[in-house]
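Here are the chains, one letter per residue:
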Amino acid sequence: KCWMTQNLRLKLSTGTALTPATSDISSNWTPTSSTDTASCQSGTRWDQDSEGTKTIRSCYQSESTYNTNGVYYTHTAATAGTTANMNNDGDEATGSICPKGWRLPKTGTIAKSTDNEFYNMAQHYIGSMSWHSDNNSGYWNSGAHNMFFSPQNFLYSGSRWYNASVANVGIDGYWWSSTVYSSHNAYYLRVNSSNVDPRHDYNRYNGFTVRCIAR
């Protein structure tokens, strides 16, 4: 598979619709909130939006972090609103904010599986780590990985938590998948110095980064 080697830096605007000609969607989509370009820590709690966990929000900290870490998106924003009515484990987004010809990675329903595209990619760069726990929800740990070197160039970009704080920059990296876990949560890739978890789940209103995969 061909992966992007940088986090996505697409700014969303309520005045600009994404179209099938340039984006990974089947019909025009206009976000209900623009990307916050002032600060990710503006004091706005994303969990208090009327859509709750399915709010459409995004932000970046500054121009310098924008060019490095990219934009932090909620899951519904990353999936271009296509998961707003999806609530079941394994439901898949039918679109995303990735450019045309690209899409969000899928995790499937089992962590250690060829259906999990995070697992398929990460296993090539896992270094000395070993698989821990069962195949359904396991992860790699106890060693050193190579996820942050060329050509993959993942980085500890942290996240924008729903309570208006940016956390774990330089400590953890989080990247949304296209796969839903429940009405509240979605799956993502989590990487830090001691663990690589290819199918973790958390609240959809958190702001995680995006790495697209070629169709």
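Look above for the structure.
Note that the coordinates shown come from a computational prediction; the quantities given were computed from them, not determined experimentally.

### Comments concerning the state of the cysteines
At step 1: Counting across every chain of the model gives 2 disulfides.
At step 2: One disulfide in the model links Cys 40 with Cys 59; its S-S distance is 2.1 Å. Measuring the twist about the S-S bond at about 110°, one finds the Cys 40-Cys 59 disulfide to be right-handed. Taken as a pair, Cys 40 in the segment before strand 1 (58-59) and Cys 59 in strand 1 lie far apart in primary sequence, 19 residues in all.
At step 3: The residue that forms a disulfide with Cys 98 is Cys 212, at a sulfur-sulfur distance of 2.2 Å. Between Cys 98 and Cys 212, the S-S torsion sits near -95°, and that sign places the bridge as left-handed. With a gap of 114 residues between them, Cys 98 in the loop between helix 2 (75-78) and strand 3 (102-103) and Cys 212 in the loop between strand 10 (195-203) and strand 11 (213-214) connect regions that are remote in the sequence.

### A few points about the sheet that holds strand 10
Hydrogen bonds between backbone groups are what pair the strands of a sheet, and the pairing can be parallel or antiparallel.
At step 1: Here 5 strands make up an open sheet; going across it, the order is 4-5-10-9-8 and the pairing antiparallel. Strand pairing shows two members of the sheet lacking a second neighbour, strand 4 (130-132) and strand 8 (172-180), which therefore form its edges. Ignoring strand direction, the axes of neighbouring strands in this sheet form an average angle of 40°.

### Details of the side chain of Ser 157
At step 1: Take Ser 157: it is sitting in the loop between strand 5 (139-141) and strand 6 (159-161).
At step 2: Accessibility expressed as a relative area gives 0% for Ser 157, which makes it buried.
At step 3: The residues touching Ser 157, leaving out its near neighbours within four places in the chain, are Asn 7, Asn 69, Tyr 72, Val 169, Asp 172, Gly 173, Trp 175 and Thr 209.

### Let's talk about the packing of aromatic side chains
At step 1: Under the defined criterion, the tally for this structure stands at 18 aromatic pairs.
At step 2: Seen from their ring centres, Trp 161 and Tyr 202 are 5.6 Å apart, and the 65° between their planes marks the pair as edge-to-face. Of this pair, Trp 161 sits in strand 6 while Tyr 202 sits in strand 10, placing them 41 residues apart in sequence.
At step 3: Judged by its relative accessible area of 34%, Tyr 202 falls in the partly exposed class.

### A few points about the pairing of strand 10
At step 1: Of the pairings in the sheet, the one linking strand 5 to strand 10 comprises 2 bridges and is antiparallel in character. If you follow Trp 140 over to strand 10, its bridge partner there is Val 196.
At step 2: What sits between strand 9 (residues 185-192) and strand 10 in their antiparallel hairpin is a turn of 2 residues.

### Some points on the pattern of salt bridges
At step 1: Overall, the coordinates contain 6 salt bridges when judged by the stated rule.
At step 2: Asp 49 is paired through a salt bridge with Arg 57; the nearest N and O atoms lie 2.7 Å apart.
At step 3: Relative accessible area serves as the criterion here: at 21%, Arg 57 is assigned to the partly exposed category.
At step 4: The salt bridge involving Glu 117 is made with Arg 103; its shortest N-O contact spans 2.7 Å. Of this pair, Glu 117 sits in helix 3 (residues 117-122) while Arg 103 is found in strand 3, placing the two residues 14 residues apart along the sequence. This pair shows no difference in class: Glu 117 is buried, exactly as Arg 103 is.

What counts, and where the lines are drawn
Residues numbered from 1 in each chain as written. Predicted model: local features only at pLDDT ≥ 70, side-chain atom pairs only at ≥ 80, totals over all residues. Heavy atoms only, no water. Disulfide = S-S within 2.5 Å. Helix = DSSP H or I, 4+ residues; strand = E, 2+ residues; numbered from the N terminus. Pairing = 2+ DSSP bridges. Axes fitted to C-alpha atoms, helices over the stretch in contact; angles between N-to-C directions. Buried < 20%, exposed > 50% of the residue type's maximum accessible area, 1.4 Å probe, protein only. Contact = heavy atoms within 4.5 Å. Phe/Tyr/Trp six-rings, centres within 6.5 Å; stacked < 30°, edge-to-face > 60°. Salt bridge = Lys/Arg side-chain N within 4 Å of Asp/Glu carboxyl O.

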